[in-house]
Amino acid sequence: MNTNSVYSSFTALTLKVVGLIMIVSSLLDYIILAIPPQGASLLKPEWQLNFATQVVDRGIIPMVGIGFLFAGYWIAQSAATATTEPKSSVQDLRFWVLCLSSFLGLVFLLMVPLHLNNLRLQSSQALEQINQRAKSAEVQLENRTQQVTELLKSPQGIAQVEKRLADLDAAIKSGRIPAQQLEQAKAQANRVRQQLQAIKENPDVLNQEVEQNINQIRSQKLQLEKRATTEAFKLGIKTGLSSLLLAIGYIAIGWTGLRGLGSTPVTRRGQA
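Residues numbered from 1 in each chain as written. Predicted model: local features only at pLDDT ≥ 70, side-chain atom pairs only at ≥ 80, totals over all residues. Heavy atoms only, no water.

Of regular secondary structure, the chain possesses seven helices and two strands. Taken from N to C terminus, the helices and strands of the chain fall in the order α-α-α-β-α-α-α-α-β. Counting across all 272 residues of the chain, residues that qualify as buried make up 29%. In the chain, the share of contacts with a sequence separation of at least 24, taken over all contacts with a separation of at least 6, comes to 82%. Accessible surface for the chain amounts to roughly 17,600 Å². Of this, 60% is attributable to carbon and sulfur atoms. (Helix = DSSP H or I, 4+ residues; strand = E, 2+ residues; numbered from the N terminus. Buried < 20%, exposed > 50% of the residue type's maximum accessible area, 1.4 Å probe, protein only. Contact = heavy atoms within 4.5 Å. Areas by Shrake-Rupley, 256 points an atom, 1.4 Å probe, with all protein chains shown as cover.)

Put into structure tokens, the structure is as follows:
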């Protein structure tokens, strides 16, 4: 056996082993990913989205392994000098690898609509949560405003607020408030005093402040909705398109290989 033949045999064997290891390790990785963590459910869109994203991110590894495996077979056949009759496809490792490639292609193809549907459900849920939080914030703001308005309608209410403010000032001066809360208490007292003075001078200032806060809440709501929609669109394009491309690649490899495998002769190395 000459030197080139030895190197070809070693290269072919190395490519086959590397390719097979990449394929098997990827399948094991997929099996582990398919096991949901404790407390999670296979039917939850959040888990399915995470599973699909991780599988698609690793989807190219088995394809590279298939490429290495067939490159090893091609080098082995190119270095062989004798030809034998084709053996049964079932006994050929390449047959099962091509079947696996077709199966993976089908899985990635089915994953596209499933992933987009789960993404739609998650996006709708996120938008609904944003709407609920915004409505809750508006309701709380309106309730507090109504309480303050009712309190400040009468001189007794104003006197009550001033008494509370005086008590807070006295607590600050006497040192009854902890040092770590002193600055916060002073800021609160100044803010209440300024608001009370502004309301005395212009009763409509409270309504104006409430309107500004409501506009701020609604502006933040629109920003959060836009961010959630953009992230869902980007994730759908990235994972959905990648899954579709992987499906096309695996199906093309599997079907093309299965059609040509039966007519490929099996070669046997001759003696140099």
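After that view of the structure, there is still more to cover.
What follows is about helix H3 (residues 60–79). Counted at 1.5 Å a residue, the expected span for H3 with its 20 residues is 28 Å, and the 29 Å between its end C-alpha atoms agrees. Turning to H3, its buried residues number three or more, namely Pro-62, Met-63, Gly-65, Ile-66, Leu-69, Gly-72, Tyr-73, Ala-76 and Ala-79. (Expected span 1.5 Å × (residues − 1).)

For the rest of this paragraph, the subject is the side chain of Glu-138. The topology assignment puts Glu-138 in helix H4 (residues 93–152). A polar atom in the side chain of Glu-138 sits 3.1 Å from the side chain of Arg-218. Residue contacts for Glu-138: discarding those within four places in its chain leaves Ile-214, Ile-217 and Arg-218. (Polar contact = N/O pair within 3.5 Å; in protein donor to acceptor, adjacent residues only side chain to side chain.)

The share of residues in the chain with pLDDT of 70 or more is 66%, and the mean pLDDT across the chain is 79. Across the chain, element-level confidence peaks in H3 with a mean pLDDT of 90 and bottoms out in strand S2 (residues 266–268) with 48. Below a pLDDT of 50 lies the segment residues 266–272, which in the model reaches 26 contacts outside its immediate sequence neighbourhood of four places, other chains included. (pLDDT = per-residue confidence, 0-100.)

The full count for this structure, using the stated rule, is three aromatic pairs. Residues Phe-108 and Tyr-250 carry aromatic rings whose centres are separated by 5.7 Å and whose planes lie at 5° to one another, so their mutual orientation is stacked. Of this pair, Phe-108 sits in helix H4 while Tyr-250 sits in helix H7 (residues 205–261); the two residues are 142 residues apart in sequence, bridging distant segments of the chain. As far as the burial class goes, Phe-108 and Tyr-250 line up, both buried. Between Lys-16 and the ring centre of Tyr-73, over which it is positioned, the NZ or CZ distance is 4.2 Å. (Phe/Tyr/Trp six-rings, centres within 6.5 Å; stacked < 30°, edge-to-face > 60°. Lys NZ or Arg CZ within 6 Å of the ring centre and 35° of its normal.)

When the charged atoms of two side chains with opposite charge come close together, those side chains can pair. Using the criterion set out here, one finds four salt bridges in the structure. Two residues, Lys-238 and Asp-57, come together in a salt bridge whose shortest N-O distance is 3.1 Å. With Lys-238 in helix H7 and Asp-57 in helix H2 (residues 45–57), this residue pair connects regions lying 181 residues apart in the sequence. Here Arg-218 makes a salt bridge to Glu-138, at a shortest N to O gap of 3.1 Å. Of this pair, Arg-218 sits in helix H7 while Glu-138 sits in helix H4, placing them 80 residues apart in sequence. (Salt bridge = Lys/Arg side-chain N within 4 Å of Asp/Glu carboxyl O.)

It is worth spelling out H2 at this point. Between its first and last C-alpha atoms H2 spans 18 Å; for 13 residues at 1.5 Å apiece the expected length is 18 Å, and the two agree. Regarding H2, the residues found buried are Trp-47, Gln-48, Leu-49, Ala-52, Thr-53, Val-55 and Val-56.

Moving on, we get to a nonpolar patch on the surface. There is a patch of nonpolar side chains on the surface, built from Leu-106, Leu-109, Leu-110, Phe-233, Ile-237, Leu-241, Leu-244, Leu-245 and Ile-248 and spanning about 860 Å² of accessible area. Among the elements of the structure, H4 and H7 are those that each provide at least two residues to the nonpolar patch. For the nonpolar patch, the element with the highest residue contribution is H7, accounting for six residues. You can see Leu-245 is positioned in helix H7. What makes Leu-245 exposed here is its relative accessible area of 53%. (Patch = residues over 30% accessible without salt bridge, like charges linked within 9 Å, V, L, I, M, F, W, Y side chains within 5 Å.)

Here we take up the nonpolar core. Counting residues in hydrophobic clusters, the biggest one holds 17 residues, and the most contacted among them are Val-55, Phe-108, Met-111, Leu-246 and Tyr-250. Of all the secondary-structure elements, those providing two or more residues to this core are helix H1 (3–33), H2, H3, H4 and H7. Non-local contacts of Met-111, meaning those with residues more than four positions away in its chain, are made with Ala-52, Val-55, Val-56 and Ser-243. (Core = buried A, V, L, I, M, F, W, Y, C linked by side-chain atoms within 4.5 Å.)

What follows deals with the environment of Asn-213. For Asn-213, the location among the structural elements is in helix H7. Taking the C-alpha atoms as reference points, Asn-213 and Leu-141, separated by 72 residues in sequence, lie 8.2 Å from one another.

Note on placement: Ser-243 falls in helix H7. For the pair Ser-243 and Val-56, spaced 187 residues apart in sequence, the C-alpha to C-alpha distance is 5.9 Å. In this structure Ser-243 touches Val-56, Phe-108, Met-111 and Val-112, once residues within four positions along its chain are discounted.

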